[in-house]
Amino acid sequence: MGLTSFLAIVVSLAVVQSAVIPNREGLEPCQVEYSQLVGNLVASEGTGAVSTLWRLVFNKLDLNGDSKVGAAELVINLETANILARSDTEAAYSSVRDLIRVGSNHESKDLDESEFKDTVGATLGRSSSSIEPPYTYLCEYVTMEAREIITSFQNFTRNAVNIKEDLRDLLQESKSPEQALKNIWEGIFKSIDVDGDEEVSLQDITHLHHQYINQNDDGLKVELTAIFQVSSKNDKSSEELSMTTEEFYSNIKSLLYDTDNFIDEIATITQLKGWSSLSQILASSIGDFKSKYQQSLECKHDYEDELIKYLAADKSFSSEYLFTIFDSKKDGVLDYSEISHAVTSTMQLETEFSFSIVAQHQINSFNVDEFSFYLPDRVVDTVTTSNESKLELSRLSTNQQETWNIFCHSVKSIISQFPLNLVVKAEEGDEDVVDISQSIDVIINSSEEDLVVLPDITRLYQKVKEIMDKQEKETTTAAAEDVPTTETIEQEEEEETTPPPTVETTTPLLTTMEMIEDEETTTIEQQAVSEEETTQQQLDTTETSTVVADVITTVGDVIMSTTREEEVESELADLVKSIISDMKEGKEVPASEEEEAEADAEKIAQVDEKEGGEIERELQQLFKMEKN
C-alpha cells in the first residue's frame, strides 16, 4: 500500500462519527486456537517467548515506526490481512478508536506496546459473550501472526540444537578440540562461501537454500535481506549484501550461545523468519559437512589398513607405486589431467573427475613428493603442533571433502589390487613390451587371496598346463627312444653275461643332479640379487622420505597459508570458546583427566608461544573444567 492510499484511508476514517461494525462469528474457536498456540510456545520456548510474540505483532502493526499503534494503523492492517472487508473499515475505525481510548492509560489516541498487549491480550481470555466486535477481528489477526511466529521460533530452536549436536559429534575423537573447532568453522565458512570471495552473501545463502531445502524461494529474498541489513556493516545494495568473516562468526556465536539476547534484538516478524530460514540452511550445510568429513576420516583409516594388509613393512613404497600407476605418460611428472583420468577410470565415474583442492590452487603438475601430500596416510584430521605442515581434512570445505574422498577411494582401490595391477614393462626401441620374467615373479609372490580375485586366473592356469603337458610329452618321447627293446635285451644276455658298464647308468643321473645343482645355484644367486635390490630400494625409500618431508612443507605452505585479520581471529576464538564451554557445562571430570588436560594445555601453550597470541594463551582456561 502506497503512502497516498494510506493517508486517504486515514483521512476517511477520521471523519467517521458513528457506525456499527458487523459482529464476527467464530470468536470462540479463535480464542481456543490462540490459547493452544501460546501454550505450545511456552512449553517449547519458555514464558519469555510470549512477550517476544506480542512485541513482534505490535511492531508489525506500527506502520509509521513511532512505537505507538493508532486506530488507523489497526484498521489498515486488518484490511491488508483480508480479515476486514473494505466496506467495513469506516465502522471498524470508530469501534477501534473507542477501544484505544479505554485501553490507553492516558486516554490518548494511541497505544504503546505495553498498553496494546494488556488491552488485546487480556481481553482474548474473557468470555466471548462479553467481547465487543473489534476484538473478534484482532483475535484473528493476532492468531494468524502467532502461527508464523511460533513456527519460526520452533524451527530456529530446533536448528540451533542440531548444529550443536553436530559440532559435538565432530569433536568426539579429536585430541585437540580447540584447534579442531577452529579448523571446522573455517571449513564450514568455506562451504557456505559458495563463490569463494571470503564473504557470505545473499546469493551464497540462496544457492544453499536451493541445494539443501528446495527451489521455491518465495519470500526468502525479502526475509534474508531483512537480516543482512541489520547484521552487516557495509553499505552495499540489496543485491550485494553480505557478511564478512568476523560478522559471520559473531552472529553464529550469538545465535547459538546467547540466544535470548539474540532474539531480543530481532525487531520484526520478517527478521525472525529470515533467521529461521538461515538457521535451517546452516544446519543443513553443517550436517552435510559433518557427513563428508566423517566419510573422509573413514576412508583414511581404511586406506591405512589396506597398506598394512597388502604392503606391510613396505608401505613406504606406496607413494612411488601409486605415482607410477597414475603417471600414464611415464615421464616422471604427474599433471592434473593424469590424476583426473586415473580417478575417473578407477572409480568408473560418468563425468571427468575434478580434484577441487588442486584445481582451486591452480596446481598443474606434481613430482612424487608433491603427489604424496594428498595421499590418505599423509593427511591428518588436525595438526597437533604448530610446526606440522600437512593437509588438514577438518579445514576442507564440503566440496573439497567430497572430491578428496573420491580420490581416497580410488587410491585405496588401487592398493587393494596390489601387486596384480602392477604392469611391468621393459623398453625396447620405441615400443613397450611386457617384461615376462618380472611379471611372473609378481604372480609367484602373490598370495592365494590375491590370485583368487584375478579374473584371468583360469586362462593362466590352462596356458601353463598346456605348456607343461607339452614339455612332459616331449620328454617322455625322447626317453622312449633311448630305452632298449626286449629282443635287444635277450640278445645281449645271450652274448654277454657281464652287467652293463656302470658308467652308462651313472652318467645320465650325474647329469641330472648337476642340472638340479645348477638350478639351485642360480636360484640362490637370484635371491641374493633380489635381497641386494630390496636393500637398495629401502635406502632409496629412506632418502625419498627425507625429500618428501622437505617438499611437503612447501606444498603445505601454499595450501594452508592463511593471513587472518585480528578481528576474524578474535570472533572465531570467541565462538570456539563458547562451544567448548557449552560442551563442558555440568560435566564431571576425573582428577586424572583434569591434570592430563592441564598438562596438554601447558604443552600447547609452550609450543605456540612465539606465534600463539591471545587464543593460545586462553587454552588453559578453556581446558579447566569445574567439577560439580
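Residues numbered from 1 in each chain as written. Predicted model: local features only at pLDDT ≥ 70, side-chain atom pairs only at ≥ 80, totals over all residues. Heavy atoms only, no water.

**Digging into the overall build of the chain**
What counts is decided by this rule: Runs of E in the DSSP output that reach at least two residues are strands. Runs of H or I that reach at least four are helices, and both are numbered from the N terminus. Contacts: residue pairs with any heavy atoms within 4.5 Å of one another. Values of accessible area rely on a 1.4 Å probe in the Shrake-Rupley scheme; residue burial ignores everything except the protein chains shown.
When its secondary structure is counted, the chain shows 27 helices and eight strands. If you take every contact in the chain between residues at least 6 apart in sequence, the share linking residues at least 24 apart comes to 71%. Summed over its atoms, the accessible surface of the chain is roughly 35,600 Å², and 48% of this surface lies on carbon and sulfur atoms.

**What to know about the packing of aromatic side chains**
What characterises a pair of aromatic rings is the spacing of the ring centres plus the angle enclosed by the ring planes. Rules: Classification of ring pairs uses Phe, Tyr and Trp, with its six-membered ring standing for Trp, and accepts pairs whose centres are within 6.5 Å; under 30 degrees between planes counts as stacked, over 60 as edge-to-face, and the remaining range as tilted. Categorising residues by exposure relies on relative accessible area from a 1.4 Å probe, with only protein chains included: less than 20% of the type maximum marks a residue as buried, more than 50% marks it as exposed, and the intermediate range marks it as partly exposed.
Applying the stated criterion across every chain, the model contains 20 aromatic pairs. Look at Phe-353 and Phe-355: their rings are 5.6 Å apart centre to centre, the planes differ by 45°, and that puts the pair in the tilted class. With a relative accessible area of 4%, Phe-353 lands in the buried category. Among the aromatic side chains, those forming a connected cluster through ring pairs are Phe-323, Phe-326, Phe-353, Phe-355, Phe-366, Phe-371, Phe-373, Tyr-374 and Phe-407.

**A short note on helix H11 (residues 245–257)**
Rules: What a helix should span is 1.5 Å times the count of its residues minus one.
Under the 1.5 Å per step criterion, the end-to-end length of H11 is 18 Å for 13 residues, consistent within 8% with the ideal 18 Å. Within the sequence span of H11, burial applies to Thr-245, Glu-246, Glu-247, Phe-248, Tyr-249, Asn-251, Ile-252, Leu-255 and Leu-256.

**As for the nonpolar core**
We count it as follows: Here the nonpolar core consists of buried residues drawn from Ala, Val, Leu, Ile, Met, Phe, Trp, Tyr and Cys, with membership extended through side-chain atoms lying within 4.5 Å.
Membership of the largest hydrophobic core comes to 123 residues, with the highest contact counts inside it found for Trp-185, Phe-326, Phe-371, Tyr-374, Trp-404 and Phe-407. Residue contacts for Phe-371: discarding those within four places in its chain leaves Ser-319, Leu-322, Phe-323, Phe-326, Leu-334, Ile-339, Phe-366 and Phe-407.

**So, a negative patch on the surface**
Convention followed: Like charges within 9 Å and nonpolar side chains (Val, Leu, Ile, Met, Phe, Trp, Tyr) within 5 Å are joined into patches, using only residues over 30% in relative accessible area that form no salt bridge. When a carboxyl oxygen of Asp or Glu is within 4 Å of a side-chain nitrogen of Lys or Arg, the pair counts as a salt bridge. Positive charges come from Lys and Arg alone, negative charges from Asp and Glu alone, with His and the N- and C-terminal ends not counted. Charge positions come from single atoms, namely NZ of Lys, CZ of Arg, CG of Asp or CD of Glu.
There is a patch of like negative charges on the surface, built from Asp-258, Asp-260, Asp-264 and Glu-265. Considering the arrangement of structural elements, one finds Asp-264 in helix H12 (residues 259–264). Assessed through its relative accessible area of 47%, Asp-264 is described here as partly exposed.

**Remarks on the environment of Leu-74**
If you trace the backbone, Leu-74 turns up in helix H4 (residues 71–80). As a C-alpha pair, Leu-74 and Tyr-141 span 67 residues in sequence and 9.9 Å in three-dimensional space. Not counting residues up to four positions away in its chain, the partners in contact with Leu-74 are Leu-61, Val-69, Val-96, Ile-100, Phe-116 and Leu-138.

**So, the side chain of Asn-183**
Using the following cut-off: What qualifies as a polar contact is a pair of N or O atoms within 3.5 Å, subject to a donor-acceptor requirement within protein and to the restriction that residues adjacent in sequence count only when both atoms come from side chains.
The residue Asn-183 is located in helix H8 (residues 177–192) in this model. Owing to a relative accessible area of 0%, Asn-183 belongs among the buried residues under this scheme. There is a polar contact of 2.8 Å between the side chain of Asn-183 and the side chain of Glu-392. Excluding residues that lie within four positions of it along the chain, Asn-183 makes contacts with Thr-382, Glu-392, Ser-394 and Arg-395.

**Details of the pattern of salt bridges**
Between side chains of opposite charge, a pair can form as their charged atoms come close. A full pass over the atoms with the stated rule returns 13 salt bridges. One connected set of salt bridges, linked through shared partners, spans Glu-148, Glu-223 and Lys-273.

**Observations regarding the state of the cysteines**
Test applied: Two cysteine sulfurs form a disulfide in these notes if their separation is within 2.5 Å.
Evaluation of the coordinates by the stated rule reveals two disulfides. At a sulfur-sulfur separation of 2.2 Å, the disulfide partner of Cys-30 is Cys-139. Of note, the bridge from Cys-30 to Cys-139 carries an S-S torsion of about -115° and is left-handed in sense. With a gap of 109 residues between them, Cys-30 in helix H2 (residues 27–45) and Cys-139 in helix H7 (residues 133–170) connect regions that are remote in the sequence. As far as the burial class goes, Cys-30 and Cys-139 line up, both buried. Shown here is the disulfide that connects Cys-299 with Cys-408, its sulfur atoms set 2.1 Å apart. On the sign convention where negative is left-handed, the bridge of Cys-299 and Cys-408, at about -110° about the S-S bond, is left-handed.

**Describing the packing of helix H9 (residues 202–212) against helix H10 (residues 220–231)**
The following threshold applies: Each axis is a line fitted through C-alpha atoms, and for a helix only the stretch in contact is used; angles between axes span 0 to 180 degrees, taken between their N-to-C directions. Roughly parallel means an angle under 35 degrees; roughly antiparallel, over 145; roughly perpendicular, 65 to 115; everything else is oblique. Crossing handedness is read from the near helix: turned anticlockwise from the far helix by less than a right angle, it gives a left-handed crossing, and turned clockwise, a right-handed one. Only Asp, Glu, Lys and Arg are considered charged in this grouping, and only Ala, Val, Leu, Ile, Met, Phe, Trp, Tyr, Cys and Pro are considered nonpolar; every other residue, Gly among them, is considered polar.
It is at 11 Å that the axes of H9 and H10 come closest, and there the two elements cross at 140°. Comparing the axis directions of H9 and H10 gives the class oblique. The crossing of H9 and H10 is right-handed. Each of Leu-202, Ile-205, Thr-206 and His-209 in H9 lies in contact with H10, whose residues at this interface are Leu-220, Lys-221, Leu-224, Thr-225 and Phe-228. Of the residues contributing to the contact of H9 with H10, the split by class is five nonpolar, three polar and one charged.

**Observations regarding the environment of Val-343**
Structurally, Val-343 can be placed in helix H15 (residues 336–347). Residue classification places Val-343 among the buried positions, given a relative accessible area of 0%. Separated by 67 residues in sequence, Val-343 and Ser-410 have C-alpha atoms that sit 5.7 Å apart.

**Considerations on the packing of helix H14 (residues 318–326) against helix H18 (residues 398–416)**
Interaxial distance between H14 and H18 falls to 11 Å at its minimum, and their mutual angle equals 100°. Considered as vectors, H14 and H18 are oriented roughly perpendicular to each other. Two secondary-structure elements touch here, H14 through Ser-318, Tyr-321, Leu-322, Ile-325 and Phe-326 and H18 through Phe-407, Ser-410, Val-411, Ile-414 and Ile-415. For the contact of H14 with H18, the class distribution of residues is eight nonpolar, two polar and no charged.

**Digging into unusual backbone geometry**
Here the phi dihedral of Ser-67 falls at roughly 65°; this positive angle occurs in a residue that is not glycine. Examined against the element boundaries, Ser-67 turns out to sit in the loop between helix H3 (48–61) and strand S1 (69–70).

**Some words on the confidence of the model for the chain**
This is how the line gets drawn: One number per residue, pLDDT, summarises how confident the predictor is, and it ranges from 0 to 100.
Residues with a pLDDT of 70 or more make up 64% of the chain, whose mean pLDDT is 75. Segment residues 423–434: pLDDT under 50, and 17 contacts once partners within four positions in sequence are set aside and those in other chains are kept. Residue range residues 537–562 is modelled with pLDDT below 50. Its contacts to residues more than four positions away, or to other chains, number 33 contacts.

**Looking at the side chain of Asp-166**
Relative to the elements of secondary structure, Asp-166 occurs in helix H7. Among all residues touching Asp-166, those that are not within four sequence positions of it are Ala-283, Ile-286, Gly-287 and Lys-290.

**Describing H2**
Let me state the cut-off plainly: This arc describes the spread of directions from the helix axis toward the C-beta atoms.
The end-to-end C-alpha separation of H2 is 26 Å, in line with the 27 Å expected for 19 residues at 1.5 Å each. Residues Leu-27, Cys-30, Gln-31, Tyr-34, Leu-37, Val-38 and Leu-41 constitute the buried set of H2. An end-on view of H2 places all buried positions within 130° of arc, on one side of the element. Counted as exposed and oriented over 90 degrees from the buried face of H2: Glu-28, Pro-29 and Ala-43. One or two steps after H2, the chain reaches Gly-46, where phi turns positive at roughly 95°.

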